[in-house]
Amino acid sequence: MRVQHPKVHQRDDRNGTYWFFRYWHDELLPDGTIKTTRKFHTIGPGKGENKLTRREAETVRDKVLNELNAAPTRPEASVLAKEPVDVNTILFGKLAEMWREDYVDNPKVKLATPTREKYRTRLDHHILPRWKDVRLGEMRAKDILDWLQHECSSWYMMVDLRNIMGGIFTRAQEWEILPETFASPLRRVKVGRKWTVRPDRILNDDETAAVFARLEDPHLLICEICICTGTRVSEAVGLQLRHLDLNTGTIKIAQRHCRGDVDEPKTKNSKRLLALGTLTQRLEAWIARKGITDPNDWLFEQEEDRTKPMWDSGVRKALKIAAVDAGCDFPGFGLHSFRRANITMRQEVGGSAIEASKIAGHATVSQTADYTIVQLQRQDELTRAIQDRVARAREKQQVKEAREQAGKAAEKDAA
């Protein structure tokens, strides 16, 4: 039996005011798969003659649900008519496709466009080719872990695929397709300690200066914004004149532009106000040079169409060429390296981890810790500072001991 107890809602439309509820209906197909659809049931009028109160509407709903929850999936199959449908026979691919249709592709669900594309890519190229025809009852944590270790080239990809598959089961339980007692095999999949494919690295000061010397505006100005303020490149290219305040020397991060999609920033904490410092004069000169006057004008527009913001791909290409030419390119180097550099340098110059976290727009300080890189130069500075401190203490102790010995010698001579 399916256990579902949806809420009763009241609606006003051209058909009048009425009570209704939605429910899930299972249909077992001849091939053994289960087709689950969302259905709409009208209870009765909410206003006018013969109107029902909410309590009366809920009573009617309960009567209908008693029949629906106990109804056989296939009335024509006598055996199935006597037995409830076993959720273990559901194909994972059917569940994943429903998740795609009702969650990923649902325009009413506020997902960022890059996130939607990532989910679709993960499903089509990784998850469905392996698990499409596997029934839920046949999925084992060990098989999933073995597949993740074989399929993924990084720890982050393993976590990503595991979380997506786990999210499919979670949504299925929220939608009452799976019972709350269903034990998802993903809960037992542990990917282990974090590991990285590439070493954590950022450019040092000299390397950064060499790369910047080979860039020109607007690419140079965008890179300067990223390294000086810690913005993501999508936030930098999503800036409009209305987000800039030259009087206070600040920019307001209120949107981002990614591959033609303009939307809110990545997270709630990403909405923040950032100080520009000396970049204020740079941006003021850039605005005058480009003739930017309207508040909705983009600070970095496309050359062929000023009504559209610049894509970050051009900046990435120019940065990569400059790094190769300067002889300081390395695997994984890109615009996001400047965000890591900003977070690192803020703490090197005396800022606290909490300050760096707030400015970066991170949800937690532990996330900021993952971005922080303690470079050898910084380690050497800290080590030398400790050594100087120890040396001063030892010198002080030696002076103290010398004075004591001199005092004792003087007392002996006097005696």
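These numbers come from a predicted model, not from an experiment.

A. Region of interest: the pattern of salt bridges. For the structure on display, the rule yields 25 salt bridges. For glutamate 224, the salt bridge identified is with arginine 282, shortest N-O distance 2.9 Å. Of this pair, glutamate 224 sits in helix H8 (residues 219–229) while arginine 282 sits in helix H10 (residues 279–290); the two residues are 58 residues apart in sequence, bridging distant segments of the chain. A salt bridge links glutamate 235 to arginine 272; its shortest N-O distance comes to 3.0 Å. Note that glutamate 235 is positioned in helix H9 (residues 233–236) and arginine 272 in strand S8 (residues 272–275), a separation of 37 residues in sequence. Here the residues in one salt-bridge network are Glu97, Arg100 and Asp124, joined through shared partners.

B. Layout of the sheet that holds strand S4 (residues 244–245). The sheet built from three strands is open, its strands ordered S4-S5-S8 with antiparallel pairing. Single-partner strands in this sheet number two, and they are S4 and S8. Bridge count for strand S5 (residues 250–253) against S8 is four bridges, and the pairing is antiparallel. Bridge pairing in S8 places isoleucine 253 opposite arginine 272.

C. Representation of the confidence of the model for the chain in the model. With 94% of its residues at a pLDDT of 70 or more, the chain has an overall mean of 87. When the elements of the chain are averaged for pLDDT, helix H2 (residues 78–82) gives the smallest value, 37, and H8 the largest, 95. Predicted confidence is poor over residues 72–83, with pLDDT under 50, and the contacts of this stretch with residues over four places away or in other chains come to 13 contacts.

D. Broad picture of the sheet that holds strand S1 (residues 9–13). The sheet built from three strands is open, its strands ordered S1-S2-S3 with antiparallel pairing. Unpaired on one side and paired on the other, S1 and strand S3 (34–45) mark the two borders of the sheet. Between one strand axis and the next, the sheet turns by 40 degrees as a mean value, whatever way the strands run. Sheet analysis places strand S2 (residues 16–28) next to S3, joined by eleven bridges and oriented antiparallel. By the bridge assignment, phenylalanine 20 is partnered in S3 with threonine 42.

How each quantity is defined
Position numbers for residues start from 1 in each chain and track the written sequence from start to end. Local features in this predicted model are restricted to residues of pLDDT 70 or higher, and side-chain atom pairs are both shown and tallied only at a pLDDT of 80 or more, whereas totals for entire chains, interfaces and linings draw on every residue. Just so you know, side-chain values use all the structure's heavy atoms and leave hydrogens and water out. The salt bridge definition used is simple: a Lys or Arg side-chain nitrogen within 4 Å of an Asp or Glu carboxyl oxygen. The numbering of helices and of strands both runs from the N terminus, where a helix is a DSSP run of H or I of at least 4 residues and a strand a run of E of at least 2. Being paired, for any two strands, means DSSP has found at least two bridges between them. Confidence scores here are pLDDT values: one per residue, from the predictor, ranging 0 to 100. By the convention used here, residues are in contact when the closest approach between their heavy atoms is within 4.5 Å. Between N-to-C directions, angles span 0 to 180 degrees; the directions come from axes that are lines fitted to C-alpha atoms, helices contributing only their stretch in contact.

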